[in-house]
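Examination of the molecular architecture
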Amino acid sequence: MLKVGLTGGIGSGKSTVAEIFSSLGITIIDADQIAHQLTRPGTESFDEIIQLLGAEFIRTDGGLDRKKLAQTVFSNPAIKGALEKILHPKIRRQIEQEIAYNKDNDYIILAIPLLLESNFSDLVDRILVIDADDNIRIQRIKERDGRSEKQIRQIMGQQINRADRLQQADDIIENNSNFYNLKNAISQLHLQYSEIASR
């Protein structure tokens, strides 16, 4: 089974790409979804995070205040490191279990936003990077999240730089134009991955 790691900078369009692959019948293992599941109220990770950061990170409905958490993480490297120690081993274990469960598939997509930053690249056979110009990414995030440009650039600064990310890619999709072009690029890659997997 071919394991393709899907990554890219914030605002590059990774979620849209994952949805298109999913519509083609491809299994997506999503690290962000796994992280959400692992940090629900009542989980070990939830308790560890609250122990680390305090009760002010609990929303009134009892859930984790993810927006506040994100702001804290991107402005405090020490807290970011402590959270990664809590979450990354558990995320990796869950990903490995899902890979094993889907072992009969021709190929699967592992959507891991911090694939390169978190040293998860040993889990995949190929790295697919979704790339877009910084200005386009900033505009998308502003519209999607309502963040300021300063906040967005702070997040971008925490991620591996664009040149290094592209250098480590086996495949690159440029997502600067429209949905039609994006879908066409994915259709071509789908054929390529299916062919590699059948060898």
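Scroll up to find the structure this text is about.
Each value, and the rule that gives it
Residues numbered from 1 in each chain as written. Predicted model: local features only at pLDDT ≥ 70, side-chain atom pairs only at ≥ 80, totals over all residues. Heavy atoms only, no water. 1 Å grid on protein atoms, 1.4 Å probe; cavity = no way out; pocket = protein on both sides within 12 Å on 5 of 7 lines; lining within 4 Å. Points joined across faces, edges and corners; volume = space filled by probe spheres on them. Helix = DSSP H or I, 4+ residues; strand = E, 2+ residues; numbered from the N terminus. Buried < 20%, exposed > 50% of the residue type's maximum accessible area, 1.4 Å probe, protein only. Pairing = 2+ DSSP bridges. Arc of directions from axis to C-beta. Contact = heavy atoms within 4.5 Å.

1. What about the layout of surface pockets?
In this structure, the largest pocket spans a volume of roughly 1600 Å³. Elements represented by at least two residues in the lining of the largest pocket include exactly helix H1 (14-23), strand E2 (28-30), helix H2 (31-38), helix H4 (66-75), helix H5 (77-101), helix H6 (134-145) and helix H7 (149-158).

2. Describing the environment of Ala132
By the secondary structure assignment, Ala132 is in the loop between strand E4 (126-131) and H6. The spatial distance from the C-alpha of Ala132 to the C-alpha of Arg162 is 9.4 Å, given a sequence separation of 30 residues.

3. Notes on the pairing of strand E3 (residues 107-111)
Within E3, five of the five residues are buried, which leaves it mostly tucked inside the rest of the structure. Neither face of E3 is exposed, since Tyr107, Ile109 and Ala111 on one face and Ile108 and Leu110 on the opposite face are all buried. Bridge analysis of strand E1 (residues 2-8) against E3 gives five bridges, and the strand direction is parallel. Looking across to E3, one finds that Val4 is bridged to Ile109. In terms of strand pairing, E2 meets E3 through three bridges, oriented parallel.

4. Some points on H7
Along H7, the positions that sit buried rather than exposed are Ile152, Ile155 and Met156. Down the axis, H7 shows its buried residues gathered within 100° of arc, on one side only. Seen from the open side of H7, the exposed residues pointing more than 90 degrees away from its buried face are Lys150 and Gly157. Where H7 is buried, its residues meet H4 and H6.

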